[in-house]
Amino acid sequence: RMRPLPLLHAISLSRIGALGVHLPEHLRHGSIAASFELSASLPTSKPLYLDVPLDHFAVKGPSWRLKYYVNATQFTAGGVLLVTMPSEGATRGCPSGELAQALRAASVCSQHRYFGDSVPLGDSSTRAFTKYLSVEQNLADVAALIRHARSQLFPAATAVVVQGGSY
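Here's what I pulled together on the structure shown here. (Residues numbered from 1 in each chain as written. Predicted model: local features only at pLDDT ≥ 70, side-chain atom pairs only at ≥ 80, totals over all residues. Heavy atoms only, no water.)

### Concerning the packing of aromatic side chains
Moving on, step 1. Scanning the model with the defined rule gives two aromatic pairs in all.
Moving on, step 2. Note on F75 and F154: the rings are 5.2 Å apart at their centroids and 65° apart in plane angle, and the pair reads as edge-to-face. Of this pair, F75 sits in the loop between β2 (63-71) and β3 (81-85) while F154 sits in the loop between α6 (135-153) and β5 (160-164), placing them 79 residues apart in sequence.
Moving on, step 3. A relative accessible area of 22% means that F75 is categorised as partly exposed.
Moving on, step 4. Ring centres of Y114 and F129 lie 4.9 Å apart, and the angle between their planes is 70°; this geometry places the pair in the edge-to-face category. (Phe/Tyr/Trp six-rings, centres within 6.5 Å; stacked < 30°, edge-to-face > 60°. Helix = DSSP H or I, 4+ residues; strand = E, 2+ residues; numbered from the N terminus. Buried < 20%, exposed > 50% of the residue type's maximum accessible area, 1.4 Å probe, protein only.)

Right, dumping it as structure tokens:
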């Protein structure tokens, strides 16, 4: 249950989680978060990478490394795979909150292509953006990550629940 965010600078980091406050991506990372020292409140894990096609709809072509994080602190037998859709910003971890706890879920969070440090093949040209930065490509990236997570990371997960995203 979301609660209104009172004067952000008056809340200590230790109280943010205890209050059940869920901050949007732009407040959890970057210059705003740094000004309030909020980026330290996210659980950190080592980023992982999955090779996915640059163009999921081409017969063949190059692949790139999709960045993602895993948080299995709430996962137990019979639990689910909880996938958080990437938003338009850097992803620096994968929090495991009340929903993950209730579902006994393993959380998986990916970083959207062309956001943060995820620039496929290092090409941030307008041509690359117009060809490879789309809702369809992003959804195909997440679908590939779900297939990978179900088969290689959490084969005991009983279902997949997807949350988040901003479009």
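Here the narrative resumes.
### Regarding the state of the cysteines
Moving on, step 1. All told, the structure shown has one disulfide when counted by the stated rule.
Moving on, step 2. Covalent S-S linkage joins C94 and C109, the inter-sulfur distance amounting to 2.2 Å. Looking along the S-S bond of the C94-C109 disulfide, the torsion reads about 65°, which is the right-handed sense. Remark: C109 occurs in strand β4 (residues 106-110) and C94 occurs in the loop between β3 and α4 (98-103); sequence separation between them is 15 residues. Just as C94 is buried, C109 falls in that class too. (Disulfide = S-S within 2.5 Å.)

### Brief notes about the nonpolar core
Moving on, step 1. Counting 22 residues, the largest nonpolar core has V52, Y68, L81, V108, L145 and F154 as the members making the most contacts within it.
Moving on, step 2. For this core, the secondary-structure elements that each account for two or more residues are β1 (48-53), β2, β3, β4, α5 (126-132) and α6.
Moving on, step 3. In terms of residue count, α6 provides more of this core than any other element does, five residues in total.
Moving on, step 4. Once residues within four sequence positions are removed from consideration, F154 is found in contact with V70, A72, F75, L81, A106, V108 and A149. (Core = buried A, V, L, I, M, F, W, Y, C linked by side-chain atoms within 4.5 Å. Contact = heavy atoms within 4.5 Å.)

### Notes on the side chain of N71
Moving on, step 1. Among the secondary structure elements, N71 is positioned in strand β2.
Moving on, step 2. In this structure the side chain of N71 is engaged in a polar contact, spanning 2.7 Å, whose partner is the side chain of T73.
Moving on, step 3. Polar contacts involving the side chain of N71 include one to the main-chain carbonyl oxygen of C94, which spans 2.9 Å. (Polar contact = N/O pair within 3.5 Å; in protein donor to acceptor, adjacent residues only side chain to side chain.)

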